[in-house]
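So the chains spell out like this:
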Amino acid sequence: MKKRFICIILTIVITLFVFQNSFTAYENIDNESNYALGTDAELLKKVALLTKATIKAEGANIKVSSARVLYDFSKNKYTLVECKPTGYFILHNKSGQYIEYSTEAQSPYLNVSNALIYGGPTYYYTIKNCKIVSTIDDTVINFTQNTAEYNEILQYCDDMDAAIMECANEKIASFLADDTLGLDTFQTDILADNDINVLSDEIISNQIIPTLCTKKTDYWVTSSDFFSKYRVTNFGYYCPKGSNGICGYIAANLVLQYWEYRNKISFKDDYTSENSRKDAKLTIKLYEIGKSLGYSDGTWGYEIAKTMNTFCKNNSLSQNASWTVGCLGIVNEIKNNKRPCILFGSLPYARGGHAVVVYGYNTYEHKNFYTFVCHYGWNKQGYTKVHIFGGLYGSNVKYHP
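Trainee: Would you mind showing me how to read the pairing of strand S1 (residues 63-72) here?
Mentor: Two faces belong to every sheet, and in a regular strand the side chains alternate between them. When you tally the buried positions in S1, you get nine out of 10 residues, the bulk of the element. Of the pairings in the sheet, the one linking S1 to strand S2 (residues 77-84) comprises eight bridges and is antiparallel in character. From the neighbouring strand, Ser-66 faces S2, where its bridge partner is Glu-82. From the end of S1 to the start of S2, which pair antiparallel, there are four residues, and Lys-75 there has a positive phi angle of about 70 degrees.

Structure follows, in structure tokens:
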């Protein structure tokens, strides 16, 4: 059984490295001589054109710099578009939909030259020493010598693929797949303004780029600027020595600080001063409580709700943290109650579920699904406003004072 499992893993690794020939098919698009030939190069150019038009529509002061192919664990195909000085977009090719993007954050795959593996929002991996390793915090996908466990990962990726296909933008998908819409339609230098004018006439006029819908309504929590502009660097990030991250506790810290910022609860000065935020005293206290309750560094909804309520009890605050499965209740919480939520990912056998704070959403980017706007809680500039597809997630936590 052990030999069989090793063979399976080696096959996966070898396959991914074979795919890498297409990963770099469209790097450095400032230089036409670097364009690779072939179907992937054609696709990457089209995605880059779509992304440039989207950036123009968003009014962001960034430029497309490269496009690379991503595969998830089940070999479903995505395109990563990296921008400069910041920004990245990840497009699900078959649906023609962006599954996530940020105009402010650096690409989670920036400067990664090995095979690129995608597990959905917050799950970014590469191959290091024959291990599947996170590009963000070096955590390793840990599944045992049971091939059924790996099949669960494949099923998760296929479920995500099926979910985003339910909101497919058929016009974009057709544009990407139709060989008759070849790149001869456009100028060779995609950075030229006249290319975007051509794209605007042929693509935007048909409203196939969702961000250009005439009816755009965004829903935000009260004082949403707390998450997108404040606490960008000093919001309480902390990583214990020997740990690969405690994102659930950081997210809990962010939500509690939000309510303190709105004067709905009051902490001891130890937790609220600028130096205390920088020293992450509140995050550390929540982490200590979680450990005392028997929880690990990687957490999920029930554990973080229990941790928050314990902290609140100890500090004579309202113990109103609750959890539910998946994304249940998030939209109502934001739209009607104007309150943020903590959302946990559910990639099987990843260390814990990555936790982010959701503080806004819209319905126009993904037909039949929601798009959540999140603060990732990472000690990396720009991950305070990331748009993600509201597809498959594990659990969520709500708190109100």
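Now that the structure has been shown, we can carry on.
Trainee: Help me out: how do you make sense of the environment of Thr-299 in this one?
Mentor: In this structure, Thr-299 sits in the loop between helix H10 (281-292) and helix H11 (301-314). For Thr-299, a relative accessible area of 3% gives the class buried. Along the sequence, Thr-299 and Ala-355 sit 56 residues apart, while their C-alpha atoms lie 8.3 Å from each other.

Trainee: Honestly, the pattern of salt bridges in this entry has me stumped. Any pointers?
Mentor: Here the idea is simple: oppositely charged side chains can pair when their charged atoms come close. For the structure shown, the criterion picks out six salt bridges. Between Asp-161 and Lys-94 there is a salt bridge, with its nearest N and O atoms 3.0 Å apart. Here Asp-161, found in helix H3 (residues 147-165), pairs with Lys-94, found in the loop between strand S3 (88-92) and strand S4 (97-102); they are 67 residues apart in sequence, far enough to count as distant. Residue classification places Asp-161 among the buried residues on the basis of a relative accessible area of 9%. Its salt-bridge partner being Lys-291, residue Asp-297 comes within 3.7 Å of it at the nearest N-O pair. Among the residues examined, Asp-297 registers a relative accessible area of 18% and is labelled buried.

Trainee: Just checking my understanding: could you explain the environment of Glu-149 for this structure?
Mentor: Examined against the element boundaries, Glu-149 turns out to sit in helix H3. Judged by relative accessible area, Glu-149 falls into the buried class, the value being 14%. Here the alpha-carbon distance between Glu-149 and Tyr-349, two residues 200 residues apart in the chain, equals 8.0 Å.

Trainee: In this structure, what is going on with the confidence of the model for the protein chain? I would like to understand it.
Mentor: Do not read the fine detail of predicted coordinates wherever pLDDT is low. Overall, the predicted model of the protein chain reaches an average pLDDT of 80, with 78% of residues at or above 70. When pLDDT is averaged over each element of the protein chain, H11 comes out on top at 97 and helix H1 (residues 2-23) at the bottom at 43. Across residues 6-11, where pLDDT falls below 50, the model places two contacts with residues more than four positions away in sequence or in other chains. Contacts from residues 180-214, a stretch scored under 50 in pLDDT, to residues over four places away or in other chains number 71 contacts.

Trainee: Where do I start with the packing of aromatic side chains in this structure?
Mentor: The relation between two aromatic rings is expressed through the spacing of the ring centres and the mutual angle of the planes. According to the stated counting rule, one finds 31 aromatic pairs in the structure shown. Ring geometry for Tyr-219 versus Tyr-361: centroids 4.7 Å apart, planes at 15 degrees, classification stacked. Residue Tyr-219 is located in strand S8 (residues 218-220), and its partner Tyr-361 is located in strand S11 (residues 355-362); the two are separated by 142 residues in the primary sequence. Residue classification places Tyr-361 among the buried positions, given a relative accessible area of 2%. Aromatic rings pair up to connect Tyr-78, Tyr-88, Tyr-109, Tyr-118, Tyr-124, Tyr-376, Trp-378 and Tyr-383 into one cluster.

Trainee: What's the story with the pairing of strand S13 (residues 386-389) in this structure? I'm lost.
Mentor: Of the two faces of S13, the one carrying Val-386 and Ile-388 and the one carrying His-387 and Phe-389 are both buried. Where S4 lies against S13, two bridges are found, and the strand directions are antiparallel. Among the inter-strand pairings, Tyr-101 is bridged to a residue of S13, identified as His-387. Pairing between strand S12 (residues 371-375) and S13: four bridges, direction antiparallel. Bridge pairing in S13 places Cys-374 opposite Val-386.

Trainee: It is not clear to me how unusual backbone geometry should be interpreted in this structure. Could you clarify?
Mentor: Negative phi is the rule for most residues except glycine; trans is the rule for most peptide bonds. Here Lys-84 and Pro-85 are connected by a cis peptide whose omega angle stands at 0 degrees. Tracing the chain through its elements places Pro-85 in the loop between S2 and S3. The phi torsion at Asn-263 lies on the positive side, around 65 degrees, for a residue other than glycine. Positionally, Asn-263 belongs in the loop between helix H7 (247-261) and helix H8 (269-272).

Rules of the game
- Residues numbered from 1 in each chain as written.
- Predicted model: local features only at pLDDT ≥ 70, side-chain atom pairs only at ≥ 80, totals over all residues.
- Heavy atoms only, no water.
- Buried < 20%, exposed > 50% of the residue type's maximum accessible area, 1.4 Å probe, protein only.
- Helix = DSSP H or I, 4+ residues; strand = E, 2+ residues; numbered from the N terminus.
- Pairing = 2+ DSSP bridges.
- Salt bridge = Lys/Arg side-chain N within 4 Å of Asp/Glu carboxyl O.
- pLDDT = per-residue confidence, 0-100.
- Contact = heavy atoms within 4.5 Å.
- Phe/Tyr/Trp six-rings, centres within 6.5 Å; stacked < 30°, edge-to-face > 60°.

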